[in-house]
Amino acid sequence: MGDTRKKKKFYFRKRRNKYFLEPGFKGFFCTCNFREKDCVKEVYNLLNEYAGKLYPDLGIEQTSALPESAAAEDDRSESESEDETDIGDMLRREVDSIKNNSQKSLRLKRFQVVETGASNCIFVKTNLPSPEELTAAIIKDLMTTRLQKTRHVLRLLPIMATCRANLPDIMEAAGRLFDKYFLKEPSTFAVIFNKRFNNSVSRDLIIKELADLIVLKNGENKADLKNPGLCIIVEIIKGMCLLSIVDNYFTYKKYNLNEICKDNSPTDEGTQAKKFKSSVTTQPEENNDT
């Protein structure tokens, strides 16, 4: 009599694709306070809103926080039986398929969050040629309207280049950016340096070398820490360096979206309430004087 027991089937949990920060990326660097998932949703909505206005010919892209393959399929997929296919071969093919699909999907997506390895630090990769143009449009609109469109996104900075966090790679990537901004027309500048989870990069050395390189590009470039025309942003996260050059850094509240919208303006309700209260309290005194 044959064995009537059912053969055991193997199930594999569908792993969500994760993208990681790599050299050569362009995009946007965001900070938040612990609500990372909410921050990712907000920054996707914000970037897509203004990208649709700035680049209408590119169409509207619905970007989700999860890769398309993870959102379209169930978390489980049934494998073939042990007799038909070797489990090791199946795993290898699955890993190769995930890698190929991941790289292809990342190149085609307009915006895609990638892992930075640091909490409250979010990087959104983009295939747009100039993330600084989109960031400038967002910041200028918020400065004009004072309309708060995000709750969890704190700072939003454009990132023009990423590289390994070592001096030669940083100087090489920065040199290409400096040719565009400091070679022809002189400007005042300041270097804004931050690092997280990295003890091998010297802050003072990086700032000194970058400042020397800027002066070398054009002898009339001058450092100005109080009111710089351009700020060089250097963000070190573990073994990666994010570089950017922005203007009006302090005028735009260090690109902090919440601070921009909180800034007092003549139409602020709190200010109007204070003015109304003061006028009410001072009016009886004026009547007594008359």
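Residues numbered from 1 in each chain as written. Predicted model: local features only at pLDDT ≥ 70, side-chain atom pairs only at ≥ 80, totals over all residues. Heavy atoms only, no water.

1. Focus on the overall build of the protein
Stage number 1. A tally of helices and strands in the protein yields eight helices and 11 strands.
Stage number 2. Residues counted as buried form 41% of the 290 residues belonging to the protein.
Stage number 3. Counting contacts in the protein only where the partners sit at least 6 residues apart, residues at least 24 apart contribute 79% of the total.
Stage number 4. Carbon and sulfur atoms make up 50% of the accessible area of the protein, which amounts to about 17900 Å² in all. (Helix = DSSP H or I, 4+ residues; strand = E, 2+ residues; numbered from the N terminus. Buried < 20%, exposed > 50% of the residue type's maximum accessible area, 1.4 Å probe, protein only. Contact = heavy atoms within 4.5 Å. Areas by Shrake-Rupley, 256 points an atom, 1.4 Å probe, with all protein chains shown as cover.)

2. Overview of the confidence of the model for the protein
Stage number 1. Looking at the protein, pLDDT values average 81 and 70% of them are 70 or higher.
Stage number 2. Taken together, the stretch residues 60-84 has pLDDT below 50 and engages in 37 contacts with residues farther than four places along the chain or on a different chain.
Stage number 3. Low pLDDT (under 50) marks residues 265-290, which in the prediction has three contacts with non-local residues, meaning those over four places away or in another chain. (pLDDT = per-residue confidence, 0-100.)

3. Regarding the sheet that holds strand β8 (residues 188-196)
Stage number 1. Spatial strand order, β7-β11-β10-β8-β9: five strands in an open sheet with mixed pairing. With one partner strand each, in any of the chains shown, β7 (161-164) and β9 (222-223) form the two edges of the open sheet.
Stage number 2. Where strand β10 (residues 230-237) lies against strand β11 (residues 240-247), eight bridges are found, and the strand directions are antiparallel. Residue pairing across strands places V234 opposite L243, the latter belonging to β11.
Stage number 3. Here helix α5 (residues 167-181) sits on the sheet in contact with β7, β10 and β11, set at roughly 15° to β11.
Stage number 4. In this fold helix α6 (residues 203-217) packs onto β8 and β10, with an angle of close to 155° to the strand it touches most, β8. (Pairing = 2+ DSSP bridges. Axes fitted to C-alpha atoms, helices over the stretch in contact; angles between N-to-C directions.)

4. A look at helix α4 (residues 131-145)
Stage number 1. Here α4 contains 15 residues, and its C-alpha end-to-end distance of 21 Å stays within 8% of the 21 Å for a straight helix at 1.5 Å per residue.
Stage number 2. For α4, the set of buried residues is P131, E132, L134, T135, I138, I139, L142 and M143. For α4, the arc enclosing every buried residue in end-on projection is 165°, short of the 170-degree limit, so these residues lie on one face.
Stage number 3. In the segment just after α4, R146 is the residue with positive phi, at about 60°. (Expected span 1.5 Å × (residues − 1). Arc of directions from axis to C-beta.)

5. Focus on the packing of aromatic side chains
Stage number 1. Scanning the model with the defined rule gives six aromatic pairs in all.
Stage number 2. The ring of Y50 is capped by K53, whose NZ or CZ atom sits 4.9 Å from the centre of that ring.
Stage number 3. Geometry around F25 places K125 over its ring, the cationic atom sitting 5.3 Å from the centre. (Phe/Tyr/Trp six-rings, centres within 6.5 Å; stacked < 30°, edge-to-face > 60°. Lys NZ or Arg CZ within 6 Å of the ring centre and 35° of its normal.)

6. A closer look at the sheet that holds strand β5 (residues 121-126)
Stage number 1. Here we have four strands laid out as an open sheet, ordered β4-β5-β2-β6, and antiparallel in their pairing. Single-partner strands in this sheet number two, and they are β4 (111-114) and β6 (153-159). Recorded for the sheet is a direction-independent mean angle of 25° between the axes of neighbouring strands.
Stage number 2. In the sheet, strand β2 (residues 27-32) pairs with β5 via five bridges, with the strands oriented antiparallel. Looking at the pairing, F29 lines up with F123 of β5.

7. Some thoughts on the nonpolar core
Stage number 1. Ranked by size, the top nonpolar core spans 48 residues in total, and within it L47, F111, I122, L134, I138, L156 and Y249 carry the most contacts.
Stage number 2. For this core, the element with the most residues is helix α1 (residues 36-54), which contributes eight residues.
Stage number 3. Within the second largest apolar cluster, 27 residues are counted, among which are C163, A174, L213 and I214. (Core = buried A, V, L, I, M, F, W, Y, C linked by side-chain atoms within 4.5 Å.)

8. A look at the environment of E42
Stage number 1. Assignment of secondary structure puts E42 in helix α1.
Stage number 2. Take E42: its relative accessible area is 17%, and that puts it in the buried class.
Stage number 3. When the C-alpha positions of E42 and V153 are compared, they lie 7.1 Å apart, and in sequence the two are 111 residues distant.
Stage number 4. Within the local environment of E42, its side chain forms a polar contact with the backbone nitrogen of V153, the two atoms lying 3.3 Å apart. (Polar contact = N/O pair within 3.5 Å; in protein donor to acceptor, adjacent residues only side chain to side chain.)

9. Some details on the environment of L47
Stage number 1. Among the structural elements, L47 can be located in helix α1.
Stage number 2. For L47, a relative accessible area of 0% gives the class buried.
Stage number 3. Leaving out residues up to four positions away in the same chain, L47 has contacts with F28, F111, V124, L134 and I138.

10. Some words on α5
Stage number 1. Along its 15 residues, α5 runs 21 Å from first to last C-alpha, staying within 8% of the 21 Å computed at 1.5 Å per residue.
Stage number 2. Along α5, the sharpest change in direction is near 25° and occurs at G175.
Stage number 3. For α5, the complete set of buried residues consists of I170, M171, A173, A174, G175, L177 and F178.
Stage number 4. The opening residue of α5 is N166, an N-cap whose side-chain oxygen sits 3.0 Å from the backbone nitrogen of D169. (Bend = angle between axes of the 7 residues up to and from the residue.)

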